Amino acid sequence: MVKELLVILISSSLVNNVVLSQFLGLCPFLGVSKKTNTAAGMGAAVIFVITLASAVAGVIYKYVLEKLGITYLQTIVFILVIAALVQFVEMFLKKFMPSLYQALGVYLPLITTNCAVLGIALTNVQKKYGILTGIVNGFATAVGFTVSIVILAGIREKMEYNEIPESFKGMPIVLVTAGLMAIAFCGFSGLL
Amino acid sequence: MSKNGKEGSYGGSSMERLYNGLVKENPTFVLMLGMCPTLAVTTSAMNGLGMGLTTMVVLALSNMIISLLRGIIPDKVRIPAFIVVIASFVTMVELLLEGFLPALYDALGLYIPLIVVNCIILGRAEAYASKNPVIPSLFDGIGMGLGFSFALTCIGAVRELIGAGEIFGLHIMPDSYVPCAIFIMAPGAFFVLAALTAIQNKIRINGEKKGRDMSKIQSGCNEDCMNCGEKGCSHRFYGASGSPEKESGNGRRGKNAQAVNADGKGRE
């Protein structure tokens, strides 16, 4: 059991990196990676939301959708549940944990229905993960996202001072960087 | 280009809508919308075409229904309502594909349900279908969908040609050509998109030098797959300055946009 969870942890965070090999959550990856500290904040918010969302989606799938035999409605149910969950988390943090809200609050609305969140909920179902395995998978995926966005932000900070051809300024050079990072992450595939 | 910004003033003619989606506001080549599926499924021209057509069906049908419901859906809950409509069609299309085109279903996999969060669809619902009559909305959906299919097929063909020496499975390159397999793997997607955005930048810079309006180019979203439309979050990351905190507020739409904006500024 522990070994299985460890394998999921490594494979979801490094080998099948959510951004660099599955292209989920690309928008915040490219958008909020200008500075390392904002990237880390975004990463923390993503870890928080994806872990929570995979737990809630797992429970709902097992005890509501499967019980009633309406698993084909999973896409609709998951997206509404996730959207409502993030709104609720935002309100809860604002009221009861203002310091955490200060740190994560800005990023929460941005990931309300980020494709990575829905993607993980659906992957957990597709791979027939149980609730605990699903949570571990969600957490590991989000850690993978955080690792890659922080690395990208670090590179972009350095790149500010480089001379870049005019038409490659902005997104193109960031995408080239992401492509090189993806090649580097291909190296992890020998890990398992 | 002269008509941009005013959805209401668009001509309602069906041909004009198709042209708009295919050329003038091509979702991938001009607006840069829906990048996640664009990168993920364009490993071959066939997959790109399949994804494009699937998206087109969902887009046309959801545009039609949302246009029919435009007088009924209250403004405050319109985004959740749109999402439910879109998700219903995605589920239908997913089941149909599973039943009738299992090969395509397996190739696209997770990215079929993820059509729900493709910003092209919500963007068109928000920017066009919720304000215009049924027939133009339907054709707007078909036009945008065709534009998306065209773009995905092109990108898929380029990747397949470089990565495997084939297009649509037909061997094209001479035998002496050694395929560069990285182009059909994940990194290749980033490189192709980088080249594409570089070309867009070049065209925009040249156009601006000649004094043409190039504001449409790359005016899609780059931050949040969901809260974006055609105008909602344009130029946030292509503008000169601004911190993510400030910028993050612009993506939010609806009544609470102001509140979020104020929050974001207050926290800096």
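As a convention, each chain's residues are numbered from 1 in the sequence order in which they are written. Written order determines the labels here, with chains lettered from A and ligands numbered from 1. Per-residue local features are limited, in this predicted model, to residues with pLDDT of at least 70; the limit for side-chain atom pairs, both in listing and counting, is 80 or more; totals at the level of whole chains, interfaces and linings are taken over all residues. Hydrogens are left out, water is left out, and the side-chain values use all remaining heavy atoms of the structure.

**Quick look at the overall build of chain B**
Argument step 1. In terms of regular secondary structure, chain B is built from ten helices and two strands.
Argument step 2. Along the chain direction, N to C, the helices and strands of chain B fall in the order α-α-α-α-α-α-α-β-β-α-α-α.
Argument step 3. Here's how the labels work: a residue is buried when its accessible area is under 20% of the maximum for its type, exposed when over 50%, partly exposed in between, all with a 1.4 Å probe on protein chains only. The 268 residues of chain B split such that 55% are buried.
Argument step 4. Between two residues, a contact is recorded if the distance between any of their heavy atoms is within 4.5 Å. For chain B, the share of sequence-separated contacts (at least 6 apart) that also reach a separation of at least 24 residues comes to 67%.
Argument step 5. Note on areas: Shrake-Rupley with a 1.4 Å probe; residue coverage comes only from the protein chains shown. Carbon and sulfur atoms make up 67% of the accessible area of chain B, which totals about 10,800 Å². Secondary structure elements are taken from DSSP: a helix is a run of H or I of four residues or more, a strand is a run of E of two residues or more, and numbering for both begins at the N terminus.

**Regarding the interface of chain B and chain A**
One frequently used descriptor of interface size is the decrease in accessible area upon assembly of the parts.
Argument step 1. Listed per partner, the contact involves 45 residues of chain B and 51 residues of chain A.
Argument step 2. Defined in terms of a 1.4 Å probe, buried area is the accessible area two parts forfeit on being brought together, summed over both. Summed over both partners, the interface of chain B with chain A comes to about 4,300 Å²; 72% of that surface belongs to carbon and sulfur atoms.
Argument step 3. Between N or O atoms, a polar contact is any pair within 3.5 Å; within protein, one atom must be a potential hydrogen donor and the other a potential acceptor, and residues adjacent in sequence are included only when both atoms are from side chains. At the junction of chain B with chain A, the criterion picks out three residue pairs in polar contact (both at pLDDT 80 or more).
Argument step 4. Going through the elements one at a time, helix 2 (35-41), helix 4 (78-100), helix 8 (186-209) and helix 9 (244-250) of chain B are the ones with two or more residues in the side of chain B that touches chain A.
Argument step 5. Grouping the amino acids of the side of chain B that touches chain A by side-chain chemistry returns 29 nonpolar, eight polar and eight charged. Following the grouping adopted for this structure description, the nonpolar residues are Ala, Val, Leu, Ile, Met, Phe, Trp, Tyr, Cys and Pro, the charged ones are Asp, Glu, Lys and Arg, and the polar ones are all others, Gly among them.

**A look at a nonpolar patch on the surface**
Residues and elements named next belong to chain A.
Argument step 1. Every patch collects residues that have over 30% relative accessible area and no salt bridge, joining them within 9 Å if they carry like charges and within 5 Å if they are nonpolar side chains (Val, Leu, Ile, Met, Phe, Trp, Tyr). Basic side-chain nitrogens of Lys or Arg form a salt bridge, by our definition, when they fall within 4 Å of a carboxyl oxygen of Asp or Glu. Together, Phe88, Met91, Phe92, Phe96, Met97 and Leu100 make up a nonpolar patch on the protein surface, roughly 610 Å² of accessible area in all.
Argument step 2. With four residues, the single largest contributor to the nonpolar patch is helix 4 (residues 74-96).
Argument step 3. In this fold, Phe88 is placed in helix 4.

**Focus on the side chain of Thr38(B)**
Argument step 1. Mapped onto the elements, Thr38(B) comes out in helix 2.
Argument step 2. On the basis of relative accessible area, Thr38(B) is assigned to the buried category, the value being 1%.

**A word on the packing of helix 3 (residues 36-68) of chain A against helix 7 (residues 131-159) of chain A**
All names here are of chain A.
Argument step 1. Their axes nearest at 8 Å, the elements helix 3 and helix 7 cross at an angle of 165°. As the angle between them shows, helix 3 and helix 7 are arranged roughly antiparallel. Regarding helix 3 and helix 7, the two cross each other, and that crossing is right-handed.
Argument step 2. By residue class, the composition of the contact of helix 3 with helix 7 is 18 nonpolar, nine polar and two charged. Helix axes use the C-alpha atoms of the stretch in contact, all axes being lines fitted to C-alpha atoms, and the angles between their N-to-C directions lie in the range 0 to 180 degrees. When describing relative orientation, an angle under 35 degrees is termed roughly parallel and one over 145 degrees roughly antiparallel, while 65 to 115 degrees is termed roughly perpendicular and anything else oblique. Handedness of a crossing follows from how the near helix is turned relative to the far one, being left-handed for an anticlockwise turn of less than a right angle and right-handed for a clockwise one.

**Describing the nonpolar core**
Argument step 1. The nonpolar core is taken to be a set of buried Ala, Val, Leu, Ile, Met, Phe, Trp, Tyr and Cys residues, with the residues joined through side-chain atoms within 4.5 Å. If you look at the biggest cluster of nonpolar residues, it comprises 110 residues, and the most contacted ones within it are Leu26(A), Phe29(A), Phe78(A), Leu114(B) and Phe190(B).
Argument step 2. Discounting residues that sit within four places of it in the chain, Phe190(B) has contacts with Val19(A), Leu20(A), Phe23(A), Leu26(A), Leu175(A), Ala178(A), Gly179(A), Ala182(A) and Leu39(B).

**Quick notes on helix 7 (residues 134-164) of chain B**
Argument step 1. Take the number of residues in a helix, subtract one, and multiply by 1.5 Å to get its expected span. Its 31 residues give helix 7 of chain B an end-to-end C-alpha distance of 43 Å, which sits within 8% of 45 Å, the value for a rise of 1.5 Å per residue.
Argument step 2. Phi turns positive, to about 75°, at Gly165(B), one or two residues after helix 7 of chain B.

**So, the pattern of salt bridges**
All names here are of chain B.
Argument step 1. Taken as a whole and assessed by the stated rule, the structure comprises six salt bridges over all chains.
Argument step 2. For Glu25, the salt bridge is made with Arg124, and the minimal N-O distance between the two is 3.7 Å. Taken as a pair, Glu25 in the loop between helix 1 (14-24) and helix 2 and Arg124 in helix 6 (residues 119-129) lie far apart in primary sequence, 99 residues in all.
Argument step 3. Here Glu126 makes a salt bridge to Arg78, at a shortest N to O gap of 2.8 Å. Here Arg78 lies in helix 4 and Glu126 lies in helix 6, a separation of 48 residues in the sequence.
Argument step 4. Using a relative accessible area of 15% as the deciding quantity, one classes Arg78 as buried.

**Description of the confidence of the model for chain A**
Argument step 1. Confidence per residue, as judged by the predictor, is encoded in pLDDT with a range of 0 to 100. Looking at chain A, the pLDDT average stands at 87 and 98% of residues meet or exceed 70.
Argument step 2. By mean pLDDT, helix 5 (residues 98-104) of chain A is the weakest element of chain A at 79, and helix 7 of chain A is the strongest at 93.

**Details of unusual backbone geometry**
Argument step 1. A positive phi angle, near 60°, is found at Phe23(A), a position not held by glycine.
Argument step 2. Checked against the element boundaries, Phe23(A) lands in the loop between helix 1 (2-15) and helix 2 (26-31).
Argument step 3. For Phe23(A), a relative accessible area of 4% puts it in the buried group.
Argument step 4. Residue Phe168(B) is not a glycine yet carries a positive backbone phi of 50°.
Argument step 5. With a relative accessible area of 41%, Phe168(B) lands in the partly exposed category.

**Here we look at the packing of aromatic side chains**
All names here are of chain A.
Argument step 1. Two aromatic rings, drawn from Phe, Tyr or Trp (for Trp, its six-membered ring), form a pair once their centres lie within 6.5 Å of each other, and the interplanar angle then sorts them: stacked below 30 degrees, edge-to-face above 60, tilted otherwise. Scanning the entire structure with this criterion turns up six aromatic pairs over all chains.
Argument step 2. On the basis of an interplanar angle of 55° and a centroid distance of 6.3 Å, the ring pair of Tyr61 and Phe78 is categorised as tilted. Remark: Phe78 occurs in helix 4 and Tyr61 occurs in helix 3; sequence separation between them is 17 residues.
Argument step 3. For Tyr61, a relative accessible area of 17% translates into the label buried.
Argument step 4. Between the aromatic rings of Phe185 and Phe188, the centroid separation amounts to 5.2 Å while the plane-to-plane angle is 70°, which identifies the pairing as edge-to-face.
Argument step 5. Given a relative accessible area of 28%, Phe188 falls into the partly exposed group.
Argument step 6. Of the aromatic side chains, those joined through ring pairs into one cluster are Phe88, Phe92 and Phe96.

**Details of the packing of helix 6 of chain B against helix 7 of chain B**
Residue and element names in this part refer to chain B.
Argument step 1. Running from amino to carboxyl end, helix 6 crosses helix 7 at an angle of 145°, the nearest separation of the two axes being 11 Å. For the element pair helix 6 and helix 7, the recorded crossing hand is right-handed. Here helix 6 contributes Ile120, Arg124, Tyr128 and Ala129 to the contact with helix 7, which in turn contributes Pro136, Ser137, Asp140, Met144 and Phe148.
Argument step 2. Partitioning the contact of helix 6 with helix 7 into residue classes produces six nonpolar, one polar and two charged.

**What about the environment of Met173(B)?**
Residues and elements named next belong to chain B.
Argument step 1. Looking at the secondary structure, you find Met173 in the loop between strand 2 (170-171) and helix 8.
Argument step 2. In this structure, the C-alpha to C-alpha distance between Met173 and Ile79, residues 94 residues apart in sequence, is 47 Å.
Argument step 3. Setting aside residues up to four positions removed in sequence, Met173 forms contacts with Leu161 and Gly165.

**Concerning helix 8 of chain B**
Residue and element names in this part refer to chain B.
Argument step 1. Given a rise of 1.5 Å per residue, 24 residues ought to cover 34 Å, and the 35 Å separating the end C-alpha atoms of helix 8 matches this to within 8%.
Argument step 2. Buried residues dominate helix 8, accounting for 17 of its 24 residues.
Argument step 3. Following helix 8 by one or two positions, Gly211 has its phi on the positive side, about 80°.

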